[in-house]
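Here is how the chains run, residue by residue.
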Amino acid sequence: ESLVVIGGGYVGMEQAQLFAHLGSRVSLVGRLAPGAEPELAEGLRAVFADDGITVVEEHAAAVQPHDRGVLVTTTSGRQVSGARLLVATGRSPRTDGLNLAAAGVKVDGGGFIVVDQAQRTSNPRVFAAGDVSGAPQYVYVAAAGGRVAAQNALNLDGSAPIASIDYRGMPAVVFTRPQLASAGLTEADALIQGYGCDCRVLNLSDVPRALVNHDTRGAVKLVADAATGTVLGVHALADGAGEMMLAATYAIRAGMTVDDLADTWAPYLTMAESLRIVAGLFRNQMPTSCCA
């Protein structure tokens, strides 16, 4: 009948919307999409409001039984109730029972195993990969870490080059409707890393495919180096946003500039065409498609 979700990350967002679409009355407690670009997070708030999801962007302070299920109280004293509770506040590594200290394997304050770029722990004969190593928690990152760990574990004599992971352009997708996806640096990350940042935001109302789909909820944001025009990050809230991120990853890893992207072929009447359109905004062009 009703569900309270604690946590506004990808699990919390996906499950909250799923149950809302199935007919449950859903309340979400926590900051919505905390790692997303603010323009896109704001768009997702509007989507959740349209879906009838109540979003309380505060920390949950207490949970207690309620006559119809559970009662969640926030730090400000606001109370939210529901028949069921889903706690989606992140994952912790299960390393306590491994007696890692006996092997000289260090962990950080959160219990994650500390590794270097070769996935090697503080014990040079022990390697770790995946979520337990504190890496970004995506299955393809775990797979990449596993490959690097295996290659280096079989190369203890140093006869082959040391393998490592290149995180440039790493994509991520939240499977809400519309999807929230990203590749590369956010604007905040770029500024922290010392880039002079230049950004453009394209509303989906200027994307022909979105108009044809009768769904213009969302936007595309492109983050570039102000000095060189190099593409640093691409972020989108859109139907099929995840499919757009492969091209975005290629552009970032290839060192393409916004001019390169604006001059690259894009198939008409696809969501991916929005990458070329948003790149054109850096030339102070009107947000126009090739054909509409």
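Shown above is the structure to which this text applies.
Residues numbered from 1 in each chain as written. Predicted model: local features only at pLDDT ≥ 70, side-chain atom pairs only at ≥ 80, totals over all residues. Heavy atoms only, no water.

Here we look at unusual backbone geometry
Cis geometry marks the peptide bond from R177 to P178; its omega dihedral reads 0°. Tracing the backbone through its elements, the reader meets P178 in the loop between β8 (171-174) and β9 (179-184). The phi angle at Q119 is positive, at roughly 70°, despite the residue not being glycine. Examined against the element boundaries, Q119 turns out to sit in the loop between β7 (84-87) and α3 (139-153). By relative accessible area, which is 7% here, Q119 ends up buried. The backbone phi angle of L269 is positive, close to 65°, even though this residue is not glycine. Position of L269 among the secondary structure elements: in the loop between α7 (258-262) and α8 (273-280). (Helix = DSSP H or I, 4+ residues; strand = E, 2+ residues; numbered from the N terminus. Buried < 20%, exposed > 50% of the residue type's maximum accessible area, 1.4 Å probe, protein only.)

Description of helix α6 (residues 241-253)
The end-to-end C-alpha distance of α6, which contains 13 residues, comes to 19 Å, matching closely the 18 Å that a straight helix rising 1.5 Å per residue would cover. Lining the buried residues of α6 we find β8, β9, β11 (219-225), β12 (231-238), α7 and α8. (Expected span 1.5 Å × (residues − 1). Contact = heavy atoms within 4.5 Å.)

Some words on the sheet that holds strand β4 (residues 60-66)
Taken in spatial order, the three strands of this open sheet run β4-β5-β6, and their pairing is antiparallel. Whereas interior strands pair on both sides, the edge strands pair on one side only; in this sheet they are β4 and β6 (79-82). Averaged over all pairs of adjacent strands, the angle between their axes in this sheet comes to 20°, without regard to strand direction. The pairing of strand β5 (residues 69-74) with β6 spans four bridges and is classified as antiparallel. Looking across to β6, one finds that T73 is bridged to Q79. (Pairing = 2+ DSSP bridges. Axes fitted to C-alpha atoms, helices over the stretch in contact; angles between N-to-C directions.)

A short note on the pairing of β12
Burial runs high along β12: eight of the eight residues are buried. Across six bridges, β9 lies against β12 in antiparallel orientation. Bridge assignment links S182 to a residue of β12, and that residue is H235. Where β11 meets β12, six bridges bridge the pair, whose relative direction is antiparallel. Pairing of V220 across the sheet is with A236, part of β12. Hairpin geometry of β11 and β12 is characterised by an intervening segment of five residues between the two adjacent antiparallel strands and by a positive phi of about 80° at G229.

Topic: the nonpolar core
In this structure, V220, L222, V234 and M245 are the most contacted members of the largest nonpolar core, which totals 30 residues. Where this core is concerned, the elements lending two or more residues are β9, β11, β12, α6, α7 and α8. Discounting residues that sit within four places of it in the chain, V220 has contacts with R200, V201, L202, L204, V234, H235, A236, M244, S274, L275 and V278. Counting 20 residues, the second largest nonpolar core, distinct from the first, contains L3, L28, L32 and L40. (Core = buried A, V, L, I, M, F, W, Y, C linked by side-chain atoms within 4.5 Å.)

Some words on the packing of aromatic side chains
Within the structure shown, the criterion is met by one aromatic pair. Arranged with centres 5.5 Å apart and planes meeting at 0°, the rings of Y138 and Y140 form a pair that is stacked. Sitting over the ring of F282, R200 keeps its end group 4.7 Å from the ring centre. (Phe/Tyr/Trp six-rings, centres within 6.5 Å; stacked < 30°, edge-to-face > 60°. Lys NZ or Arg CZ within 6 Å of the ring centre and 35° of its normal.)

A few points about the environment of R68
The topology assignment puts R68 in the loop between β4 and β5. In this structure R68 comes out as exposed when scored by relative accessible area, which is 67%. As for R68 and G82, which are separated by 14 residues in sequence, their C-alpha atoms are 7.0 Å apart. Discounting chain neighbours no more than four positions away, the residues touching R68 are G82 and A83.

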